[in-house]
Amino acid sequence: MFFEQLSTHADVTPYIWSLVLSFVMVILSIAPLYVARFQSQFEMSDLSSLRSMFDRYPAWGKRASWAQQNSFESFTLHAPAALLAILTVMNGITLSSLAIFVAIAHPILRAIYVIAYIGNISALRSICWALGLLCSGILYGLCFSAMT
């Protein structure tokens, strides 16, 4: 029933893509972390305490670990905003084009954030982090204001 309704609401597509791409960014942020683990002479005995390997990571690997952790945190803030947008539109409420823009901008900013974090480009990383957070906040605000 839900998926049938979803397929008839083409207006929800950008928000679904925002949700899916934000999740994909969480998954993709794991890849550099595993490269760092294997470059740190990963051994089977490390499986019992993966976090103790952190000290052996190269500097970029430590940043990859932090970027990956922050990706989970960001997703937990953005996913409910995207779901709220989906539910808002499915209830017949039209959201502005700004809502679509910020929904799509979020996963793009998160991709740049991860690259900037691993590459140690701190100014770009901070800007992308702040703008990504702002995108989620704006999406919440637009949804709540459209419902009132």
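What you see is a predicted model, and the numbers here were worked out from it, not measured in a lab.

Novice: Sorry if this is basic, but what is going on with the overall build of the chain here?
Specialist: For the chain, the helix and strand inventory stands at 6 helices and 0 strands. Helices and strands appear in the chain in the N-to-C order α-α-α-α-α-α. Oriented by its inertia axes, the alpha-carbon framework of the chain measures out at about 55 × 35 × 20 Å. Burial analysis of the chain (148 residues in total) assigns 39% to the buried set.

Novice: Just checking my understanding: could you explain the packing of aromatic side chains for this structure?
Specialist: Aromatic rings considered in pairs are described by the distance between their centres and by the relative angle of their planes. A complete count under the given rule lists 3 aromatic pairs for this structure. Taking the centre distance of 5.5 Å and the plane angle of 85° together, the rings of Tyr 113 and Tyr 117 count as edge-to-face. Here the residue Tyr 113 and the residue Tyr 117 both occupy positions in helix H5 (residues 97-118), the gap between them amounting to 4 residues, near one helical turn. Accessibility assignment for this pair places Tyr 113 and Tyr 117 in one class, buried.

Criteria and thresholds
- Residues numbered from 1 in each chain as written.
- Predicted model: local features only at pLDDT ≥ 70, side-chain atom pairs only at ≥ 80, totals over all residues.
- Heavy atoms only, no water.
- Helix = DSSP H or I, 4+ residues; strand = E, 2+ residues; numbered from the N terminus.
- Buried < 20%, exposed > 50% of the residue type's maximum accessible area, 1.4 Å probe, protein only.
- Phe/Tyr/Trp six-rings, centres within 6.5 Å; stacked < 30°, edge-to-face > 60°.

Keep in mind these values describe shape, not function.
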